[in-house]
Amino acid sequence: MRKDAAVADDRPHRARHRGVPPPPPAGTPDEELVRALYREHAGPLLAYVLRLVAGDRQRAEDVVQETLIRAWKNAGRLGSATGSVRPWLVTVARRIVIDGHRSRQARPREVDASPLEVIPAEDEIDKALWLMTLSDALEDLTPAHREALVETYFRGRTVNEAAEVLGVPSGTVRSRVFYALRSMKLALEERGITA
């Protein structure tokens, strides 16, 4: 026996069981116990956990692995236990599944971003070019036509409200809007934009 192993065994009982126990050295009875547990119980435990996690094999394998890690951490207690350890393993596995379910319920569900990649985003460049073309076409209008169009279409005023703001009769505003729209259509067609 190595000297450091003998010193480690001389520690008080409560000091050895505080926190996570250190991993057992290779070839120790603890390692053999975990290997035996795996050979004897991993298959049935996996079948049990698969039912708990609705057939999610990857999750079931993770749960079985975590269960066996906990068995390894408690190897001293399990080695001295009488009878089968399968009820202990099943209880631990069930608790791991329950804890996982609770932690998923406590935080929002993650969403896969891949469908968002196929949705076309609004192209700001096209919008900017459209606004520049529209502004340029507005400059081709006479000031009276431009004012009537801006008041009615861009500021959202009614014909009567626009007439009051511009200080002209409402019939004049209607006429100016009609001719302004006709001129805008021609100006936009000259710039390559058709309706």
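Whatever comes next refers back to the structure up there.
### Digging into the overall build of the chain
- Within the chain one finds 11 helices and 0 strands.
- Shown N-terminal to C-terminal, the secondary structure of the chain runs as helices and strands in the order α-α-α-α-α-α-α-α-α-α-α.
- Residue burial in the chain is summarised as follows: out of 195 residues, 24% are buried.
- Taking as baseline every contact in the chain between residues at least 6 positions apart, the subset at least 24 positions apart corresponds to 57%.
- When the accessible surface of the chain is totalled, it reaches about 14,300 Å², and 55% of it is carbon and sulfur.

### Here's the deal with the environment of His101
- Within the secondary structure, His101 sits in helix α6 (residues 86-106).
- Relative accessible area serves as the criterion here: at 43%, His101 is assigned to the partly exposed category.
- Separated by 48 residues in sequence, His101 and Val53 have C-alpha atoms that sit 9.3 Å apart.

### Concerning the pattern of salt bridges
- Going through the model one piece at a time under the given rule, you end up with 6 salt bridges.
- Glu66 is the partner of Arg70 in a salt bridge, and the nearest nitrogen-oxygen pair spans 3.0 Å. Residue Arg70 and its partner Glu66 are both found in helix α4 (residues 57-73); the two are separated by 4 residues, about one turn of the helix.
- By relative accessible area, Glu66 is classed as partly exposed at 28%.
- With its nearest N and O atoms 2.5 Å apart, the salt bridge here joins Arg155 to Glu151.
- One network of salt bridges, with partners in common, ties together Asp136, Asp140 and Arg191.

Conventions and cut-offs
Residues numbered from 1 in each chain as written. Predicted model: local features only at pLDDT ≥ 70, side-chain atom pairs only at ≥ 80, totals over all residues. Heavy atoms only, no water. Helix = DSSP H or I, 4+ residues; strand = E, 2+ residues; numbered from the N terminus. Buried < 20%, exposed > 50% of the residue type's maximum accessible area, 1.4 Å probe, protein only. Contact = heavy atoms within 4.5 Å. Areas by Shrake-Rupley, 256 points an atom, 1.4 Å probe, with all protein chains shown as cover. Salt bridge = Lys/Arg side-chain N within 4 Å of Asp/Glu carboxyl O.

Any functional reading would require information beyond the geometric quantities listed.
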